[in-house]
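Examination of the molecular architecture
Here are the chains, one letter per residue:
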Amino acid sequence: MSHTNFIKTKDENIDSMIKKILNIKDSNISFPKNAVSKERVKGRLSTVFTGKLTYKPSHCEHCGCPEVNRHSFKDSWIQLLPYQEVPTYLHLYKQRFYCKKCHLTFSAKTYYVAENCYLAQSLKFAIAIDLKKKISMKDIASRYFVSSKTTERVLDSFFKEPCHNLNYLPKHLLIDEFKGTTDCEGAMCFIISDADTGKIFDILDDRRNYKLERYFMRFSFKARRKVSHIVMDMNAAYGVVTKRVFPHARISIDRFHVVQQLTRALNKQRIKAMNQLKKSDSEAMKNYRKFKKYWRTLLKKNSKLNYFILKQYPLFQKRYLTESDVIDHLMTVDESFKSCYEIYQELLDYFDKRDYQSFFDCLTHLETSLPKDFKKDLLYLQKHQKEIINAFIYPYSNGKLEGKNNLIKVIKRIAFGFRTFRHLRMRVLIQQNICQII
Ligand SMILES: [Zn+2]
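Residues numbered from 1 in each chain as written. Predicted model: local features only at pLDDT ≥ 70, side-chain atom pairs only at ≥ 80, totals over all residues.

Turning to the overall build of the protein chain, a few remarks are in order. Check the secondary structure of the protein chain and you find 17 helices and 13 strands. Taking 22 Å as the expected radius of gyration for a compact globule of 438 residues, we find that the protein chain reaches 33 Å, considerably beyond that expectation. Along the first, second and third principal axes, the C-alpha set of the protein chain runs to 100 × 60 × 35 Å. Every one of the 438 residues in the protein chain was classed for burial, and the buried ones make up 30%. Long-range pairs, those at least 24 residues apart, make up 58% of the contacts in the protein chain between residues at least 6 apart in sequence. (Helix = DSSP H or I, 4+ residues; strand = E, 2+ residues; numbered from the N terminus. Rg over C-alpha atoms; globule rule 2.2 N^0.38 Å. Buried ≥ 20, exposed ≤ 12 C-beta atoms within 10 Å, placed from the backbone. Contact = placed C-beta atoms within 7 Å.)

Below, the structure written as structure tokens:
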């Protein structure tokens, strides 16, 4: 290897300068005069530092014999942190040694790069730090000029799967579901968080009952017994599992979902009213458009409506009206919708006052003249009466969890490069500081 000759003579100035730049503290590595060059590596113009690694080993790696001879050099390419946004490599010639006794060879080692690894430790560490931030796997990969497979490997090697203390569960749990990655067994993933801190406790790739039971049953009975409150979605069918797994837990429906059930019911009636407004009649069409445009105003609580501030409404011949005027007009259009709207407002009011007695009284005494489907939507709430009453009484809300779900949405959006659920889970838990760098 004639071109390796130039690495043999160390240049003191260059050597100490490059070591300062690259932060190399290994005196067995040295750099010659022309150590820095621009070269194409893997098709990209890169900055290359060429150096050598040699020392006198005390013994043979294989047999322990102290009589070891220096052999040839073997070069390796080690990718470093990009310098000035340019891919940067250490082209390191490693000394090979030959053992006189066992006739085997081995090569010189340095702390600077792990054996059989082509990434410098500092580069791996930088990737690991970025994995804690809200950056997609793809962006991390392109920032450091590595493949996304490499970032996944760093994720695997730097972070340990969290092993939960099986004697501990948060006292108040929030549970919910979300759509996961394609490799998930179940259609939906499951998320568990602590109702008091809002911190994500864990995410599972399957929300099916038997999987959940298996998951929670791993925790000691003592831990499970301490769980005293669980907040969940209304149409979630977790009641059976949670009763079995958490004998002392009270279940409440997320307050947000109770209100959502009401708003959905009213919205359906609004759309029905719109469809009944004949599209041929221009007067009816005007009302159709009003119902379409002011859906948000219709869903607003009475107490939140504006009764004073006048605004120009384009659909009302640009007249100056208050929100309440708009509602008043819409109420004259459809008698049936009006009766639904009044019930909706009454229920919302009880909900705000946390008056569950009146709330359920109102539901049991719904007028027969109300549209059947509207009644059906509302009466659905009666099925979960006990859990809804708990929601009226206790302060825990999935609000915090919804926030965390948004966090997951963000993570998924910025990282749709996730091929496996395991990596998604790791990154979520890394962000929650549950997974630590090892
Ligand atoms: Zn040997």
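At N23, a position not held by glycine, the phi torsion is positive, near 60°. Structurally, N23 is set in the loop between helix 1 (12-22) and strand 1 (29-30). Overall, the presence of 11 C-beta atoms within 10 Å leaves N23 in the exposed class. Although it is not a glycine, Q317 sits at a positive phi angle of roughly 50°.

On to the sheet that holds strand 9 (residues 200-204). On the basis of which strands lie adjacent, the open sheet formed by 5 strands has the order 9-8-7-10-11 and mixed pairing. The sheet terminates laterally at strand 9 and strand 11 (250-253), the two strands that pair on one side only. Each strand of the sheet is rotated relative to its neighbour by a mean of 20°, with strand direction disregarded. Sheet topology note: the strand 7 (residues 172-179)/strand 10 (residues 229-232) ladder contains 3 bridges and is parallel. When the bridges of strand 10 are listed, H172 appears paired with H229. (Pairing = 2+ DSSP bridges. Axes fitted to C-alpha atoms, helices over the stretch in contact; angles between N-to-C directions.)

We note that the domain assignment places domain 1 (2-118), domain 2 (127-158), domain 3 (172-254 + 399-431) and domain 4 (257-393) within the protein chain. Just the C-alpha atoms count here: the centres of domain 1 and domain 2 sit 26 Å apart. (Domains from an automatic or database assignment.)

Orientation of helix 12 (residues 335-352) relative to helix 13 (residues 356-364), taken along the N-to-C sense of each, is 160°, at an axis distance of 8 Å. Regarding the angle of helix 12 to helix 13, the classification is roughly antiparallel. The crossing of helix 12 and helix 13 is left-handed. Contact with helix 12, carried on its side by E346, L347, Y350 and F351, involves S358, F359 and C362 of helix 13 and no other residues of that element. By residue class, the composition of the contact of helix 12 with helix 13 is 5 nonpolar, 1 polar and 1 charged. (Parallel < 35°, antiparallel > 145°, perpendicular 65-115°, else oblique. Left-handed = near helix turned anticlockwise from the far one by under 90°. Nonpolar A, V, L, I, M, F, W, Y, C, P; charged D, E, K, R; others polar.)

Before going further, it helps to examine helix 2 (residues 121-130). What helix 2 keeps buried is the set L123, K124 and I127. Down the axis of helix 2, the sector holding all buried residues measures 100°, keeping them to one side. The secondary structure elements touched by the buried residues of helix 2 are strand 4 (68-83), helix 3 (137-143) and helix 4 (148-158). (Arc of directions from axis to C-beta.)

Contact geometry of helix 8 (residues 255-276) with helix 14 (residues 372-383) gives a least axis separation of 9 Å together with a crossing angle of 175°. Taken together, the axes of helix 8 and helix 14 lie roughly antiparallel to each other. Contacts between helix 8 and helix 14 involve V258, Q261, R264, A265, K268 and Q269 on the former and, on the latter, D373, F374, D377, L378, Y380 and L381. Each residue belonging to the contact of helix 8 with helix 14 can be placed in one class, and the counts come to 6 nonpolar, 2 polar and 4 charged.

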